[in-house]
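Chain by chain, the residues run as shown.
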Amino acid sequence: MKLLFFLSLSLGNVSAQETAIKGKVIDSHNSNALPGVSVLIKGKTTGTTTDTTGSFSIQARRGETLILSYVGYKSKEVVVTGSTLHIELESDSQGLEEVVVVGYGQQRRADVTGAVTSMNTEKLAERPLPRVDQALVGQMAGVRVKQTTGNPGQGLSVQVRGVGSISAGNEPLYVLDGFPLSGATPNANGGYSSGNPLDNINPNDIESIQVLKDASSAAIYGSRAANGVVIITTKKGKTGKPAINLNTYVGYNERSKKLDMLSADEWIDRAVEMINAQWVNSGEGRTAAQSSAERRQILGLSDDEVDTRYMYDDRWLQAGHPGLNFIDWQDEAFRKGLIQNYQLSASGGADAVKYYISGNYNGQQGMIKEQDFTSYSARANVEVKANKRLTFGLNVTPTYSINNDPGVEGKDNILHQLVSMSPVQEASSGLYPNVGDNPQYQWSTSTNSPIGKLEQTLAATKRFRTVGSIFAQYQILDGLNFKTTLNLDHNDNTFKRYIPFTITGSLPNRQSDLTKRTSGTYSTFRRQTLVNENTLTYNKTLAENHSISALLGFSYNSDKLDNATMSSQNGYGSSTITTLNYALGVTGNTTETKNVLLSYFGRLQYAYKDKYLLSASARRDGSSRFGANTKWGWFPSASIGWRVSQEDFMQNISGTLSELKLRASWGKSGNYNIGDYSSLALLGNYAYSLGGQLVTGLAPSGIYNPDLTWEKSDTYDVGVDFGFWNNRITATIDYYNRKSTGLLLNVPVSQITGFVSSLDNAGSVRNQGWEFEINSQNITGGAFNWSTSFNFSHNSNKLLSLANGQSQLLIPSSFDISHSILRVGEPMYSIYVVRQDGILSQEDIDNGAALYGNETEGDPKYFDANGDGVIDENDRIIMGQPNPKYTWGITNTFRYKGFDLSVLVQGQWGGSIYSLFGRAVNRTGTGIVDNVLGSWRDRWRSPEDPGAGKVGKATGTFGRIKNTDWLYPSDYIRVRNITLGYDLGRMISKTVLSGARIFVTAENFFGHDKYDGGFNPEATNTNLSGSTQFPEAGDYGGLPIPKSFIFGLNFTF
Amino acid sequence: MGFALTLLSCENELDQQPISDPTAETFYAIPNDFIQGVNAVYSALRGYPDRQLNLSETRSDNLYAVSDGGVRDWEGINGFHRTLMSNPYVAEAWLNDYSGINRANVVLEQLAEHGDVVTDTELRGRLEGEARFLRAFFYFDLLRWYGRVPIVDHVVTAAEAAAIPQSPIGDIYNFIVADLQAAIPVLPAKSAYAGVDQGRVTNAAARTLLALAYMTQSGPDYGINGPGMGANNWQQAADLLDEVINSGAYQMLQGNNAYASIFSYDNEYNSEVVFDVQYTTGQNPVAGGTFPWLLVPDTWFNANGHPNQGGLTIRPVSNDLLNAYESGDIRKDFTIQTGYVFNGVAEPRSFFKKYVDLSRVPSNREDWPINFIVWRYTDVLMLKAECILHGASGSQQQIDDIVNQVRVRAGLTPVANIDLARLMDERRKEFAAEGSRWHDLIRSGLVEEVMTTWIENEDSLNGIQPFQLNYTLYPIPQAELDAKPGIYTQNAGY
């Protein structure tokens, strides 16, 4: 120690010319002082950072060069000429000088010829988002994030430029630090049963996110790029002094919406009306005025018996409803959940080694009781420069998460049940009717108390995921580099569920069978993706004006999924043990699948004088998924760009129009999510019983198609990039046209083949639209700054053809007739239902209005579309499309002295939701045991009291037909995020902390949607088609999206 | 060099074989493969009982099930709705029968091609006989629901299938007859089966099916391309039934509790069973049945201390059937549950509980163990009586003897001079909830009169459309029409 001190002292003495250089760093635009700028002496490890006034002091010699770097600013080298320096840094936020990460490399934004959009990740760490996909909402034109679930930690759905596939999924390819992650197509319910690529990826570690939208930029990823490519780059260490950062926040989240249901009194009002009507219609001489006792006598029932069809509970109408509880089930189940996050990271580096290391804890209690998500993640990104030519690197990210979810969302799950549960219950049962020793209330459903289910169900998904990469890069010649990487994504997932008998069945069987009714499940999957990529890159500028960049590569990609599942057969032998060793009989099985993808790819980029830009790429993919006759495919692309603003004739207006670039691109890409063995002649086990024993029966499970191959996508894109006033305002406009052909389609075949459909490449769909992005520094230069980013996109989707010249295909429904159609010329999955036109009056009926079944006055009036005088399924017409036509987002950022305020507002319109949840809470003919939407308050009661004209009489008995009463616009506008921060660094001594910040964030606090029949217009949780061939994920009881409020602190040491 | 080798070995990796599924390439190589191939054809029978309950029992005057406000799929069946083309029960029958036919065609083709690996010629003959019987069985089922259906006698591609039109009724009968006539000589008697082969198709089953096919063909031609052609095959049918009767392999169960014991969970494969669809419980994959629970309301299970079986509401037995039973008929109480109270809530209506043994309720509603008897010996006897009534050789005394044997077992007194209406009435009560009523009405020619009168008397909820003869057939499912535009003619009335 002493020796070191001595050494440095003596060194100081030796370099006699070294003096203390003082300096101040300011923004070249607004002259604001820049704190935290890294100042480094070139060729040495000595460095410092600027303080809150932008000042620094460093020991240096004259003639030495200082390197100044600061996030959001262009780096600058300054030669030491005197003892005080005044340095201006030029802001990089206008983006044209920024570097964007593209497939297998980086490019200057100015040189990009494809459609690539970037997300502002600056505030990511200050938003209470446990997942990266949530952060993408509203940030980029053409990138739509559907927040499909309110269960924290669950994967969302991301769509880039519309939906181009019917059954092979529409999720983009995610590339994490160059590692293409195994794609996941949502299952038929809209969830990710074998993992989502973004699971457990810590948002706080993200440095940048880029989305490759058009085929020319994405086609380098070939058969996986048709839905776009999302490139995520994590934080790396930078040369300079170690920075230790502690980021922490704590707050709560809660529901952003409550569903308007009938109150207990209103429920009683409706029930009495219905019971009386049924009673009066059930026989001669029966009147509504008859008391329950009289009715009991007429029915010949004993004193302790009731017929709930004809008798109501006398206590309903007594003052104070003695012995009954009026329960608002929603209020009982929702809560304010605690959320907290702690992240500690250290980064830094010298010439030879750079590192970024972080650890994060995130805890999120759900907005509904007993639902929560906890994750632990760590990351180490290390890069070692072994010598001048050789660089090694290692990225490793171990993570662990636990998601407790008793089964809240989806049909017949807890949320559905608690919304439609009768609000009137026996007081003696409390919140737990039909649970434990409590009976079912006679006028309520047989559902076990949803609160009981929330509290007593154990269901946890535990995931251990590690994404690891190592790479080596060798500089063969100047400009010629070879890089090889080996990546492994290892995901171990376990799911355990335990349902005790106390929340099952009815009271008699709880009492007689006890733990025989207890059930348990344990299932696991392990997904391993192994990718080896080898690339050769060459960058050279020839004769000053010709810059060339070339890439050649080969990659090997294998993906293996192992599943195991076990479940109890005949209950449990214990009431306390929840593991399957106490189950009476266990069944289980395991399955495995694997696929391999081999690829060769190359790209050539050429620029002349930075003006004329040319890029072309090609990839050849071979996949084990493709049929024997179609193993390999080519995916070419080309694009051109012209930076008009670099031309001489533009120079006189360059003060105003600082950047103008025209772009055009074309490319072919593919979608290879067609299932691992879909092209093979598989046999299925059609088991049977003979002689009381199980026997195996084997027969073909489908029609064999050796030609099965990837879906193809052809995209044209033209775009213009603008920059005004030295790029103070930048804007981008793109038009695109994507035609997807050879869609993986379960082509309906004649069922006399023994099958419903045959998997084939058939049909085509077009997505076309335009996008607009603008970034503007509205006010700069003073103490007050204001900037705006705005994005807007339009997409129109049109089905061009189906198989064999078919003009339409009705998507089956597990709930009644089809309500969704694939019709040529219309958007995919158009909503196809009967239109309701108000309520039938007696006059309508007398005038011969078309009726559905035995409809009478006061029932809904439907539009007789085919004019045949009756209402039936043939009267369905297309009434909407599921995807919005327009999506937009706007972020405004204000800064005043140490304060900053950022507001993100986002929305969409032009789409519709057909809510099968309506079947639970808004069904014509809904019986009394279920509760219904608040709109039933204003139902038709009599010709004199016709209500609001939307809901017919409660006593209608005509049944139901799928019609527009469950159709809602999916339009919404939402203030996604408001963050207010203050730079505490201004008040704290630099010797303790180099930076400190305090912030409050309100997420999803304000908003409006038109989905009165459900919580979240983007929810998907149930397969409405009930078919795996034409899955249609929709809402049947999805949680609202949470709104949250947090308080946070951020320290840099 | 090394790099090139690595690439080559990588390219071999593109030929991934499924890890957890067998493929056709490696199958049909040893005798056991063919047995498993035939088992898969049997497996297509598993939906048969439910289908008879949904499409025959529910269509007939046995059930009055239009009380759920139109929300249940069975209400359109019971209420003669015009728009049954998308009804799941109607769609299911078409798909699953053809699925069975396809599997039979696969086995028959493979036997023709690679059958020599089954060196035991008796076994090979049996396997072919089983496949042919089952194929005929599925065609007969299709014929009764839809009338003219396309004949597929080999494995077809989607393109081939798209061009195959409906066949005339007579051709379908010829196809069925040919299959069964080929099957009868190679199928063994019941006694030849034991252990895990118990319950496979016998020659008696094939004869019974052929007889029933002849009888159905001999039913009245309603002019709608239905199963009845007015053919006069009663004698051929009677001869076949006689062969079954004379084989001595079967008998009616007698003694105390005889009727109930036919359906006892502990008395499967009893001497009354000619052919049954078989189930067993607690297996993985599930090999149990759903039909016992299908017509039973959930709260009755609840009332008896059992959990929900799937949320079904009641499909009430018609008053007409309840009143049809004479007093003292022991079959009524066994077949029908009349009313119950659960949690103080009274349900006065009746429903079929014939197949439910409350002590054997499975934990999974799709896993009931009890077999479904397709034909029992009583049926063979009564079909014989029906043939005689239609002019096959035999006497009125034989008819009366058969029916009285059935009546006495049911605890009733004998009667004489039984006519067709009387016979059908007795069949209705004997086979209630066994899925034969609708077929019986059509075959006997009683359907129009019986149904019209019944609707008039029973339909207090005004939920049933007027009966037409067209409704003796179901419509061809919409999905099938859509897949083959212009090839099919939809049945009249839809």
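All of these numbers come straight from a predicted model, not from anything done at the bench. (Residues numbered from 1 in each chain as written. Chains lettered and ligands numbered in written order. Predicted model: local features only at pLDDT ≥ 70, side-chain atom pairs only at ≥ 80, totals over all residues. Heavy atoms only, no water.)

Looking at this structure, how should I read the overall build of chain B?
Scanning chain B for helices and strands turns up 21 helices and four strands. Against the compact-globule benchmark of 23 Å for 494 residues, chain B has a radius of gyration of 24 Å, which places it among compact chains. Each principal axis of the C-alpha atoms in chain B carries an extent, and together these give about 95 × 55 × 50 Å. Put simply, chain B has 494 residues, and 60% of those count as buried. (Helix = DSSP H or I, 4+ residues; strand = E, 2+ residues; numbered from the N terminus. Rg over C-alpha atoms; globule rule 2.2 N^0.38 Å. Buried < 20%, exposed > 50% of the residue type's maximum accessible area, 1.4 Å probe, protein only.)

Please explain the pattern of salt bridges as it appears in this structure.
Residue and element names in this part refer to chain A. Taken as a whole and judged by the stated rule, the model has 86 salt bridges over all chains. Taking the shortest distance from any N to any O, the salt bridge between arginine 161 and aspartate 717 comes out at 2.8 Å. With arginine 161 in the loop between β12 (157-160) and β13 (173-176) and aspartate 717 in strand β36 (residues 711-724), this residue pair connects regions lying 556 residues apart in the sequence. Judged by its relative accessible area of 3%, arginine 161 is buried. Using a relative accessible area of 3% as the deciding quantity, one classes aspartate 717 as buried. The salt bridge involving aspartate 331 is made with arginine 255; its shortest N-O contact spans 2.8 Å. In this pair, aspartate 331 sits in helix α6 (residues 329-333) while arginine 255 sits in strand β17 (residues 240-255), placing the two residues 76 residues apart along the sequence. (Salt bridge = Lys/Arg side-chain N within 4 Å of Asp/Glu carboxyl O.)

Whenever I open this one, the sheet that holds strand β2 (residues 38-41) of chain A confuses me. Can you help?
Hydrogen bonds between backbone groups are what pair the strands of a sheet, and the pairing can be parallel or antiparallel. All names here are of chain A. Reading across the sheet, the four strands line up as β3-β2-β5-β6 and stay open at both edges, with antiparallel pairing between neighbours. Edge strands, defined here as strands with exactly one partner in the open sheet, are β3 (47-49) and β6 (76-79). The sheet shows a mean angle of 25° between the axes of neighbouring strands, direction not considered. Pairing of strand β5 (residues 65-69) with β6, which is carried by four bridges, proceeds in the antiparallel orientation. If you follow isoleucine 67 over to β6, its bridge partner there is glutamate 77. (Pairing = 2+ DSSP bridges. Axes fitted to C-alpha atoms, helices over the stretch in contact; angles between N-to-C directions.)

Could you clarify how one ought to interpret the environment of Phe263(B) in this entry?
All names here are of chain B. By secondary structure assignment, the location of phenylalanine 263 is in the loop between α11 (258-262) and β1 (273-277). Expressed as a C-alpha distance, the spacing of phenylalanine 263 and phenylalanine 372, which sit 109 residues apart in the sequence, is 8.6 Å. Discounting residues that sit within four places of it in the chain, phenylalanine 263 has contacts with Phe334, Lys354, Tyr355, Ile370, Ile373, Arg376 and Glu434. (Contact = heavy atoms within 4.5 Å.)

Sorry if this is basic, but what is going on with the environment of Gly697(A) here?
Mapped onto the fold, Gly697(A) is located in the loop between β34 (693-695) and β35 (698-700). For Gly697(A) and Leu660(A), which are 37 residues apart along the polypeptide, the C-alpha to C-alpha distance reads 68 Å. Apart from residues lying up to four places away in sequence, Gly697(A) is in contact with Gly684(A), Asn685(A), Tyr686(A), Ala687(A), Gln36(B), Asn39(B) and Ala40(B).

Hey, could you run me through the packing of aromatic side chains in this one?
Within a pair of aromatic rings, the relevant descriptors are the distance that separates the centres and the angle that separates the planes. Residues and elements named next belong to chain A. Applying the stated criterion across every chain, the model contains 74 aromatic pairs over all chains. One cation-aromatic arrangement involves lysine 336 over tyrosine 252; the distance from NZ or CZ to the ring centre is 4.5 Å. Positioned over the ring face of phenylalanine 1005 is lysine 1043, at 4.8 Å from the centre of the ring. (Phe/Tyr/Trp six-rings, centres within 6.5 Å; stacked < 30°, edge-to-face > 60°. Lys NZ or Arg CZ within 6 Å of the ring centre and 35° of its normal.)

Quick question: what am I supposed to make of the interface of chain B and chain A here?
Quite often, the size of an interface is put as the accessible area lost when its parts meet. Listed as interface residues are 86 residues of chain B and, on the opposing side, 79 residues of chain A. Taken over both partners, the interface formed by chain B and chain A buries close to 6700 Å², and the fraction arising from carbon and sulfur atoms is 59%. By the criterion of area lost to chain A, the three top residues of chain B are Leu14(B), Gln16(B) and Ile19(B), representing 9% of everything that side buries. Summed over the shared surface of chain B and chain A, the result is two salt bridges. Between Asp872(A) and Arg82(B) there is a salt bridge whose closest N-O contact spans 3.2 Å. Taken together, the links from chain B to chain A amount to 26 residue pairs in polar contact (both at pLDDT 80 or more). Those elements that provide at least two residues to the side of chain B that touches chain A are α1 (2-12), α2 (31-43), α5 (88-114), α7 (158-163), β1, β2 (336-342), β3 (345-352) and α21 (478-483) of chain B. The element contributing the most residues to the side of chain B that touches chain A is α5(B), with eight residues. For the side of chain B that touches chain A, the residue count by class is 41 nonpolar, 31 polar and 14 charged. (Buried area = accessible area lost by both parts, 1.4 Å probe. Polar contact = N/O pair within 3.5 Å; in protein donor to acceptor, adjacent residues only side chain to side chain. Nonpolar A, V, L, I, M, F, W, Y, C, P; charged D, E, K, R; others polar.)

Looking at this structure, I do not really get the sheet that holds strand β4 (residues 55-60) of chain A. What am I missing?
All names here are of chain A. Pairing within the open sheet is mixed, and its three strands lie in the order β4-β1-β7. Two strands in the sheet have a free side with no partner beyond their single neighbour: β4 and β7 (84-89). Averaged over all adjacent pairs, the angle separating strand axes in this sheet is 30°, with direction ignored. Both strand β1 (residues 19-27) and β7 contribute to a ladder of six bridges, which runs parallel. Within the sheet, the bridge partner assigned to glycine 23 lies in β7 and is leucine 85.

Explain the nonpolar core here, please?
Buried together is how nonpolar side chains tend to be arranged in soluble globular proteins. Residues and elements named next belong to chain B. The biggest cluster of nonpolar side chains holds 162 residues, and the ones touching the most others in it are Phe133, Phe137 and Tyr139. Counting residues per element, this core draws most heavily on helix α6 (residues 121-146), which supplies 14 residues. Apart from residues no more than four positions distant in its own chain, tyrosine 139 is found in contact with Tyr98, Ile101, Val149, Pro150, Ile151, Val152, Ile172, Phe175 and Ile176. (Core = buried A, V, L, I, M, F, W, Y, C linked by side-chain atoms within 4.5 Å.)

Looking at this structure, how should I read the confidence of the model for chain A?
Reading predicted coordinates in detail is not appropriate for stretches of low pLDDT. Averaged over chain A, the pLDDT score is 91; the fraction of residues at 70 or greater is 97%. Counting interchain partners and residues more than four positions distant, the pLDDT-below-50 stretch residues 1-16 of chain A has one contact. (pLDDT = per-residue confidence, 0-100.)

Got a minute to help me understand the side chain of Ser813(A) in this structure?
Residue and element names in this part refer to chain A. Tracing the sequence through the fold places serine 813 in the loop between β42 (808-811) and β43 (820-823). Here phenylalanine 815 takes part through its backbone nitrogen, which lies 3.0 Å from a polar atom of the side chain of serine 813. Within polar-contact distance, the side chain of serine 813 engages the side chain of lysine 962 at 2.7 Å. Look past the residues within four positions of serine 813 in its chain and what remains in contact with it is Ser818, His819, Lys962, Leu1024 and Ser1025.

Mind showing me how you'd approach the packing of helix α8 (residues 169-186) of chain B against helix α9 (residues 203-217) of chain B here?
Axes are the key here: two packed helices are described by the angle between their axes and the distance separating the axes. Residue and element names in this part refer to chain B. For the pair α8 and α9, the least separation of the axes is 9 Å and the interaxial angle reads 160°. Relative to α9, the element α8 lies roughly antiparallel. The way α8 lies across α9 gives a crossing that is left-handed. Contacts from Tyr173, Ile176, Val177, Leu180, Gln181 and Ile184 in α8 reach Asn203, Ala206, Arg207, Leu209, Leu210, Ala213, Tyr214, Thr216 and Gln217 in α9. Split into classes, the residues belonging to the contact of α8 with α9 amount to ten nonpolar, four polar and one charged. (Parallel < 35°, antiparallel > 145°, perpendicular 65-115°, else oblique. Left-handed = near helix turned anticlockwise from the far one by under 90°.)

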